[in-house]
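Residue-level structural notes
Letter by letter, the chains look like this.
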Amino acid sequence: MSLRRILAALALATFGLALHGAAAAQAAIPDLGAVAAAPPASTLPAGWTQRGVFMEILVRAYQDSDGDGIGDLAGLTSRLDYLQALGITGIWLMPVFASEDHDHGYAVVNYRAIEPAYGTLADFDRFLAEAHQRGIAVIIDYVMNHAAAAHPLFESAYDSRQSPYVDWFIWSEEKPKGWNTFSGEPWREGNQRWYYAVFDAGMPDFNLRNPKVVDFHLDNLRFWLNRGVDGFRFDAVGVLFENSAAAWENQPENHELLKRVHALLAGYGEKYMVCESPGDPAPFASPDSCGSAFAFGLQKHIVASAQLGRLKDDVLYSLRKLPVPRMATFLANHDYFAGTRLARTFDGDEGGYRAAAATLLTLPGLPFLYYGEEIGLGLAAPVSNADQSLRGPMSWSAERNAGFTSADKPFRANVANWQTHNVAAEDRNPASLLNWYRALIALRKSEPALSVGSFTSLSERDQAVFAFTREHDGSTLLVLINYARKPATHALPAGFQPGEWQVVFPQGAKAAFTGTKPALAKLAAQQVLVLKKKPS
Ligand code: NOJ
């Protein structure tokens, strides 16, 4: 098998991409025109970037409105009432631009067009307006690092050394030696040259040292900001620039570019940008960089604590070391490397699932749920690709195709547990996981200390109970989460007076204490309690 064929097979297996071929028909270069800033008015409440709860959504998998088996923007719009009732205040849309992969969308072929299967720009505008009417912000995924190999800009550069777009990508006449990035060899052979594509042969990296490329991206960002989007999730920010085979990740230039983008967004009022750098997120959360980043690492430690039945030291370590208040926290997302669906992790252990969710929704940071997490959505029925198994159709009901589509078949098989774990069934059951999430989100929204308050741990490593306080503006909350599958007690600080506290979550629950010096909180197996100090 030739190298080219091996790469093509890999590209297909990993991203569902066809490798670029010189023989492919070339599409017209899409709109590259300059876009001037024209900030629209925002109706979102001041401070929205620091409070509330986001939902990450794959449009393809959320709701089909036209019976083609593929989720679309009109379908998502029809589910906004559900999201609002859940308490969601922000949506992160995984890529909605026209893509080559027609699946997760990170191989973009047109940065100013909507993926045809999702609808039109008018559908996007309608969705945005309806979300805003419900007080829900919308941020969209944006990929600055790479395009699709089928992007007409790359096709032009690939096909001719005379193309005006050659310098938009990264080329070498000889194969550079000594490179080994996370996907192995990042230099791909193409039309008697080598091009750099850190993820995959089907996703060539842009040359971000070319000012025209940066201008192109900044114009695209203004294009979407002018339409009213509230911010962006920036993909793969750790690999924007490379300086050598030994320095291809987290380079200073990455932060400089993100700072420019940050300044652009600041010109639009209160906007939010959050960056994805799984390897080293903290530097990207700096105001001199992206300003916020996903708290990779913390999610695995929270989940592991709930699984093990004791607080992992890594949770405390992450909370000390990461600038969590400026970060986006989460338990799972669309990438397998971040973990699997919680329904798989906590299969048969809903108590553990609930404890993990309660941890996420009471800690500092801006929490992001992954669509379906709130109902325990399972893995898509066997698919060869682990990532795709995380991206199954949302389960709305126990009716045909889980209420996702009226087509004969959804684009991907229903998740394994759709008949039991669907919105309709859980909505009716006050004790369901869905209602657990609803109540936790409502708590977070009603108690600002949980979003923006200080954090003080009252636990040490390996204890069964994670106890901590959150304080803001004279209001103090005490969170107690017993990860163990058996009852546990937890010593509270000297001077703790049970009578001074009232239970605020779950509604109607009672707190039990024993002893006085120190007072011990008594918790049932996997119990979660949140108390609030009564005003003195
Ligand atoms: C990170 C995204 O989360 C992942 O899904 C994608 O495949 C890569 N970046 C490449 O865009």
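Everything numeric in this text was worked out from a predicted model, so none of it was measured.

1. Let's talk about the site of the ligand
The full set close to the ligand counts 11 residues, and His104, His146, Asp235, His334 and Asp335 are the nearest of them. Aspartate 235 is positioned such that a nitrogen or oxygen atom in its side chain is 2.7 Å from an oxygen atom of the ligand. Between aspartate 335 and the ligand, the recorded distance is 2.5 Å, taken from a side-chain N or O atom to an oxygen atom. Protein burial of the ligand: of its 300 Å² of free accessible surface, 95% is covered by the chains.

2. A word on the sheet that holds strand β8 (residues 193-196)
Overall, antiparallel pairing links the 3 strands, which are arranged β6-β8-β7 in an open sheet. Both outer strands of the open sheet, β6 (171-172) and β7 (187-190), are each paired with one neighbouring strand and no more. Bridge count for β6 against β8 is 2 bridges, and the pairing is antiparallel. Residue pairing for β8: tryptophan 171 is matched across the bridge by tyrosine 195. Sitting on the sheet, helix α6 (residues 152-159) is in contact with β6, β7 and β8, with an inclination near 155° to β8.

3. Overview of the packing of aromatic side chains
Applying the stated rule across the entire model yields 48 aromatic pairs. On the numbers, 5.6 Å between centres and 5° between planes, the contact of phenylalanine 154 with tryptophan 171 is stacked. Pair noted here: phenylalanine 154 is in helix α6 and tryptophan 171 is in strand β6, with a separation of 17 residues, a long-range link. The buried category is assigned to tryptophan 171, whose relative accessible area is 18%. Arranged with centres 5.8 Å apart and planes meeting at 80°, the rings of tryptophan 179 and tryptophan 187 form a pair that is edge-to-face. Across the pair, exposure class does not vary: tryptophan 179 and tryptophan 187 are buried alike. Lying over the aromatic face of tryptophan 396, arginine 79 brings its terminal NZ or CZ to 3.8 Å of the ring centre.

4. Digging into the pattern of salt bridges
Counted under the stated rule, the structure contains 27 salt bridges. Arginine 227 is the salt-bridge partner of aspartate 125, the closest N and O atoms lying 2.9 Å from each other. Of the two residues, aspartate 125 sits in helix α5 (residues 121-133) while arginine 227 sits in helix α7 (residues 211-227), which places them 102 residues apart along the sequence. Its relative accessible area of 29% is what places arginine 227 among the partly exposed residues. Lysine 271 serves as the salt-bridge partner of aspartate 230, at 3.9 Å between the closest nitrogen and oxygen. A residue pair is termed long-range when its members are at least 10 positions apart, and aspartate 230 in the loop between α7 and β9 (231-234) and lysine 271 in the loop between α8 (252-266) and β10 (272-275) qualify at 41 residues. Lysine 271 shares its class with aspartate 230; the two are buried. One network of salt bridges, with partners in common, ties together Asp141, Arg233, Asp235 and Glu276.

5. Structural notes on the state of the cysteines
The final tally for this structure, using the stated rule, is 1 disulfide. The side chain of cysteine 275 participates in a disulfide bridge whose partner is cysteine 290; the two sulfur atoms lie 2.2 Å from each other. Here the S-S torsion is close to 90°, and the disulfide linking cysteine 275 with cysteine 290 is therefore right-handed. Of the two residues, cysteine 275 is situated in strand β10 and cysteine 290 in the loop between β10 and α9 (298-308); the sequence distance between them amounts to 15 residues.

6. Details of the pairing of strand β2 (residues 90-93)
Along β2, one buried face is formed by Gly90 and Trp92 and the opposite face, lined by Ile91 and Leu93, is buried too. Summarising the sheet, strand β1 (residues 54-57) and β2 pair through 4 bridges and their orientation is parallel. Bridged to isoleucine 57 within β2 is leucine 93. Inspection of the sheet shows β2 paired to strand β5 (residues 137-142) by 4 bridges, in the parallel sense. Considered in β5, the bridge of tryptophan 92 is made with isoleucine 139.

7. Observations concerning the sheet that holds strand β13 (residues 454-457)
Reading across from one edge, β13-β14-β15-β20-β17 is the order of the 5 strands in this open sheet, with antiparallel pairing throughout. Only two strands of the sheet have a single neighbouring strand rather than two, namely β13 and β17 (501-505). Across the sheet, the mean angle from the axis of one strand to that of its neighbour is 25°, orientation sign disregarded. When strand β14 (residues 465-472) meets strand β15 (residues 475-482), the two strands line up antiparallel, connected through 8 bridges. When the bridges of β15 are listed, arginine 470 appears paired with leucine 477. Running at roughly 130° to β17, helix α15 (residues 433-446) makes contact with β17 and β20 (528-533) of the sheet.

Rules used in this analysis
Residues numbered from 1 in each chain as written. Predicted model: local features only at pLDDT ≥ 70, side-chain atom pairs only at ≥ 80, totals over all residues. Heavy atoms only, no water. Near = heavy atom within 4 Å. Polar contact = N/O pair within 3.5 Å; in protein donor to acceptor, adjacent residues only side chain to side chain. Areas by Shrake-Rupley, 256 points an atom, 1.4 Å probe, with all protein chains shown as cover. Pairing = 2+ DSSP bridges. Helix = DSSP H or I, 4+ residues; strand = E, 2+ residues; numbered from the N terminus. Contact = heavy atoms within 4.5 Å. Axes fitted to C-alpha atoms, helices over the stretch in contact; angles between N-to-C directions. Phe/Tyr/Trp six-rings, centres within 6.5 Å; stacked < 30°, edge-to-face > 60°. Buried < 20%, exposed > 50% of the residue type's maximum accessible area, 1.4 Å probe, protein only. Lys NZ or Arg CZ within 6 Å of the ring centre and 35° of its normal. Salt bridge = Lys/Arg side-chain N within 4 Å of Asp/Glu carboxyl O. Disulfide = S-S within 2.5 Å.

Interpretation in functional terms is not warranted from these geometric data alone.
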